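# A structural walkthrough
Listed here are the chains, written in short residue letters.
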Amino acid sequence: MGGARTLAAAVVAATATLAARRVLDLAPPGGADRWTRTNHGGEPVSMLEGPAVALGLVAGSAVSGGEPRERAATVLACAGAGAFGVLDDLAEDTTHSTKGLRGHLGALAQGRLTTGGLKVLGIGTTSLLAAAVGTRRRGGAVGHATDVAVNGALIAGTANLVNLLDLRPGRALKASALLAAPLVGCAGGQVGALVGASAASAPADLGARDMLGDGGANALGAFVGTRWALCAPRPVRLLALAGVAGLTLASERVSFSAVIERTPWLRRIDQAGRRAADVPPEDREAASDEGPTA
């Protein structure tokens, strides 16, 4: 039964992602130019992948089986993160150079609400609501409130962290899959939604035709964060939250892309599946010297 639910979630998520992407491509809200950005290589890419992936995750999670409250929490977290992420993608104020979580929080402290600040507040609120819906009551009121707060912070923090990785083709998709892999035994049906949505969007993402943008990356991160929040025991959740917070703070000072480029095994994972044009010549030569691969 678990395998059937996982497969159903994957199929529904993939189908919904592909269908949404097709519909959005035929009639992009506001016109195609509004959804077009320039990637790291100077090429135009579409952000329509983002809302399509968010819709795929929501649809797949809704049919994934398991406890209704956990499904509802996952749907709420993904929908909220995707919606506020798309809002930031489309309505970002480019007249101010406010960047990063610290920048948006700093603007809020000064009484200036940026679209990024609105996204932080919105995802924080929907993440906390999702945690309140999905967190099982264990012990007294104080312990439950603590669990909800930790879970909400973990969902929101992971949504932001995955978004920070959406700087190269396929990177956020791979990071989400790796982060969700330890949870297969606990939430296989739910993880099927991630597999389906990612598989449907990967060809265009890796081919540098689409990008997730904040809408897709935040939704992916919220999905992963929700699964950790609702599956892992409290000590593991606290460690996960500390790790997410540490990486987020580090991102304000350290370039993740630079770290990945300096670390051979991370670089190989990062470049796997990309177009040859997106892989540095020296790495293409090294791969060819290793002989043919399957």
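Refer to the structure above for everything that follows.
This write-up is about the structure you can find in this document.

Conventions used here
Residues numbered from 1 in each chain as written. Predicted model: local features only at pLDDT ≥ 70, side-chain atom pairs only at ≥ 80, totals over all residues. Heavy atoms only, no water. Helix = DSSP H or I, 4+ residues; strand = E, 2+ residues; numbered from the N terminus. Buried < 20%, exposed > 50% of the residue type's maximum accessible area, 1.4 Å probe, protein only. Contact = heavy atoms within 4.5 Å. Areas by Shrake-Rupley, 256 points an atom, 1.4 Å probe, with all protein chains shown as cover. Axes fitted to C-alpha atoms, helices over the stretch in contact; angles between N-to-C directions. Parallel < 35°, antiparallel > 145°, perpendicular 65-115°, else oblique. Nonpolar A, V, L, I, M, F, W, Y, C, P; charged D, E, K, R; others polar. Left-handed = near helix turned anticlockwise from the far one by under 90°. Salt bridge = Lys/Arg side-chain N within 4 Å of Asp/Glu carboxyl O. Core = buried A, V, L, I, M, F, W, Y, C linked by side-chain atoms within 4.5 Å. Polar contact = N/O pair within 3.5 Å; in protein donor to acceptor, adjacent residues only side chain to side chain.

### Some words on the overall build of the protein chain
Of the regular secondary structure elements, the protein chain holds 13 helices and two strands. Scored against the burial criterion, the 294 residues of the protein chain give a buried share of 47%. Sequence separation of 24 or more characterises 76% of the internal contacts of the protein chain that already satisfy a separation of 6 or more. Summing over all exposed atoms, the protein chain offers an accessible surface of approximately 13,700 Å²; the carbon and sulfur share of this is 65%.

### Observations regarding the packing of helix α2 (residues 49–62) against helix α3 (residues 68–91)
In the contact formed by α2 and α3, the axes pass within 9 Å of each other and the chain directions differ by 170°. When the interaxial angle is binned, α2 and α3 end up roughly antiparallel. Residues Pro51, Ala54, Leu57, Val58, Ser61 and Ala62 of α2 lie in contact with α3, whose contacting residues are Arg71, Thr74, Val75, Cys78, Ala79, Gly82 and Val86. Tallied by class, the residues present in the contact of α2 with α3 amount to nine nonpolar, three polar and one charged.

### Overview of unusual backbone geometry
At Ala208, a residue that is not glycine, the phi angle is positive and equals roughly 60°. If you trace the backbone, Ala208 turns up in the loop between α8 (184–206) and α9 (213–231).

### Section: the packing of helix α6 (residues 141–164) against α9
In contact at an axis separation of 7 Å, α6 and α9 are set at 145° when each is read in the N-to-C sense. Taken as a pair, α6 and α9 cross one another with a handedness that is right-handed. Each residue belonging to the contact of α6 with α9 can be placed in one class, and the counts come to 11 nonpolar, nine polar and one charged.

### Considerations on the pattern of salt bridges
Across all of its chains, the model carries 11 salt bridges by this definition. Here Glu70 and Arg136 are joined by a salt bridge, their closest N and O atoms 3.7 Å apart. One end of the pair, Glu70, is in helix α3; the other, Arg136, is in the loop between α5 (115–134) and α6, and 66 residues separate them in sequence. Among the residues examined, Arg136 registers a relative accessible area of 37% and is labelled partly exposed.

### Quick look at the nonpolar core
Counting 20 residues, the largest nonpolar core has Val53, Leu57, Leu194, Leu212, Leu220 and Phe223 as its most contacted members. Counting residues per element, the ones that place at least two in this core are α2, α7 (171–180), α8 and α9. With residues up to four places along the chain from it excluded, the contact list for Leu194 reads Leu57, Ser176, Ala177, Ala180, Leu220, Phe223 and Val224. By size, the runner-up hydrophobic cluster in this structure holds 19 residues, among which are Ile123, Ala130, Ala131 and Ile155.

### With respect to the side chain of Asp270
Positionally, Asp270 belongs in helix α12 (residues 264–271). A distance of 2.7 Å separates polar atoms of two side chains, one belonging to Asp270 and the other to Arg274. Setting aside residues no more than four positions away along its own chain, Asp270 makes contact with Arg168, Pro169, Arg171, Lys174 and Ile260.

### Observations concerning the side chain of Ser127
Examined against the element boundaries, Ser127 turns out to sit in helix α5. Polar side-chain contacts of Ser127 include one of 3.4 Å to the backbone nitrogen of Ala156.

Distances and angles like these do not, on their own, reveal function.
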